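Each chain, letter by letter, is given below.
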Amino acid sequence: MSETKFESFRAHTGHCLELAYEEDHIDVDDDGDWVIGVNGRTVWVRVNEEPYWHVQLFTFAAEGVSHEALGEINQLNAAMCSGTMLLADNGRVIVNHRIHHAGVTPEVLRHTFAAISGYANDCGDMLETVFGSAALEGDEETIMDEPRTTTENITSLPENGIFVFGSNILGEHRGGAARLARKRFGAVWGQGVGHAGQSYAIPTMGGFSEFKRGAKGFIEFAALNPDLDFYLTKVGCGIAGYDETRVAPLFADTPPNVIKPAGW
């Protein structure tokens, strides 16, 4: 098949990802791979030509794993349809899955993401329990023991995760992060402040004094709920129009269960 047709296939895959996660843009890393957060785990998506046109999805399950240990979990691996577990030179286990180009649809991608992320969690936990390997429960930033930060594109959250977004006081969640919060994380139309579902609204559109009060209320709420992890987006820096240098100091004293944008 021609290069033009292959580029069309890549564009089709990107469009399917956007439809699967109801996003207008999916992050791409330096290697040109799409990056999706699913069940608290990072999954990479790559379009390949060899040995046939296909979409490759992969994530990491564990590190410090021996070939002997990997062989012990072949039965668990067999349950993953056509999924494959690969052992890198550094002992890191990669969960790999291929989707033939004819089968790439939003629904197939969504279900496959959920399957391999859950599978990686199960494999990592088992390897850690049986062999003492280190389960990898997040992306490479977490693996390297660097501070956790929120990404530009949050599409899913762990069970205890809360999506923190900027809203208007009337709770008219029409666009941006507010729309995402309403569609995916349980934000309630008409509620412009506080906790709902897996979301927390901070009013940013009614002036900076109101924004400041909302930020203070959020910090107090997060401190009272240490069992929850709060994923703070760049509230107030989009439609509200505030500069990050003015907003970030409002969240300087957040408790450790608040995960903030890089640099905040």
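Let us look at the structure shown here. In this text, all values refer to a predicted model and were calculated from it rather than measured experimentally.

Rules behind the numbers
Residues numbered from 1 in each chain as written. Predicted model: local features only at pLDDT ≥ 70, side-chain atom pairs only at ≥ 80, totals over all residues. Heavy atoms only, no water. Core = buried A, V, L, I, M, F, W, Y, C linked by side-chain atoms within 4.5 Å. Buried < 20%, exposed > 50% of the residue type's maximum accessible area, 1.4 Å probe, protein only. Helix = DSSP H or I, 4+ residues; strand = E, 2+ residues; numbered from the N terminus. Contact = heavy atoms within 4.5 Å. Pairing = 2+ DSSP bridges. Axes fitted to C-alpha atoms, helices over the stretch in contact; angles between N-to-C directions. Salt bridge = Lys/Arg side-chain N within 4 Å of Asp/Glu carboxyl O. Phe/Tyr/Trp six-rings, centres within 6.5 Å; stacked < 30°, edge-to-face > 60°. Lys NZ or Arg CZ within 6 Å of the ring centre and 35° of its normal.

## A short note on the nonpolar core
Move 1: Counting 24 residues, the largest nonpolar core has Val-45, Val-55, Leu-57, Leu-109 and Phe-113 as the members making the most contacts within it.
Move 2: Elements supplying a minimum of two residues to this core: helix 1 (3–20), strand 1 (34–38), strand 2 (41–48), strand 3 (54–63), strand 5 (93–100) and helix 4 (106–131).
Move 3: Beyond its immediate chain neighbours, meaning those up to four positions away, Phe-113 contacts Leu-17, Tyr-21, Ile-36, Val-38, Val-43, Val-45 and Leu-57.
Move 4: Ranked by size, the runner-up nonpolar core spans 21 residues in total, among them Ala-215, Phe-218, Ile-219 and Leu-250.

## Looking at the sheet that holds strand 8 (residues 161–167)
Move 1: The strand order across the open sheet formed by six strands is 7-12-11-8-10-9, and the pairing between neighbours is mixed. For this open sheet the edge positions go to strand 7 (149–150) and strand 9 (194–196), each flanked by a neighbour on one side alone.
Move 2: Across the sheet, helix 6 (residues 176–184) lies against strand 8 and strand 10 (199–203), angled at about 140° from strand 8, the strand it touches most.
Move 3: Packed onto the sheet, helix 7 (residues 208–223) meets strand 8, strand 9, strand 10, strand 11 (229–232) and strand 12 (258–261) and runs at close to 150° relative to strand 10.

## Side note on the pattern of salt bridges
Move 1: Counted under the stated rule, the structure contains three salt bridges.
Move 2: Across the pair Arg-46 and Asp-33 runs a salt bridge, and its minimum N-O distance is 2.7 Å. Of this pair, Arg-46 sits in strand 2 while Asp-33 sits in the loop between helix 1 and strand 1, and the two are 13 residues apart along the sequence.
Move 3: Take Arg-46: its relative accessible area is 29%, and that puts it in the partly exposed class.
Move 4: Look at Asp-33 and you get buried, because its relative accessible area is 3%.
Move 5: Note that Lys-234 is salt-bridged to Glu-244, the shortest N-O span being 3.2 Å. Here Lys-234 is found in the loop between strand 11 and helix 8 (244–247), whereas its partner Glu-244 is found in helix 8, with 10 residues between them in sequence.
Move 6: A residue is classified by how much of its surface remains accessible, and Lys-234, at 30% relative accessible area, is partly exposed.

## Observations regarding the packing of aromatic side chains
The way to describe two aromatic rings as a pair is by their centre distance and the angle between their planes.
Move 1: For the coordinates displayed, the defined rule picks out 15 aromatic pairs.
Move 2: Here Phe-6 and Trp-53 contribute two aromatic rings whose centre-to-centre distance is 5.2 Å and whose plane-to-plane angle is 70°, an arrangement assigned as edge-to-face. Placement of the pair is Phe-6 in helix 1 and Trp-53 in the loop between strand 2 and strand 3, with a sequence separation of 47 residues.
Move 3: Pairing Phe-208 with Phe-211 gives two aromatic rings, centres 5.8 Å apart and planes at 75°, and the pair type is edge-to-face. On the criterion of helical spacing, the pair formed by Phe-208 and Phe-211 is a turn pair, its members being three residues apart in helix 7.
Move 4: Sitting over the ring of Trp-34, Arg-10 keeps its end group 4.4 Å from the ring centre.

By themselves, these figures tell us nothing about what the structure is for.
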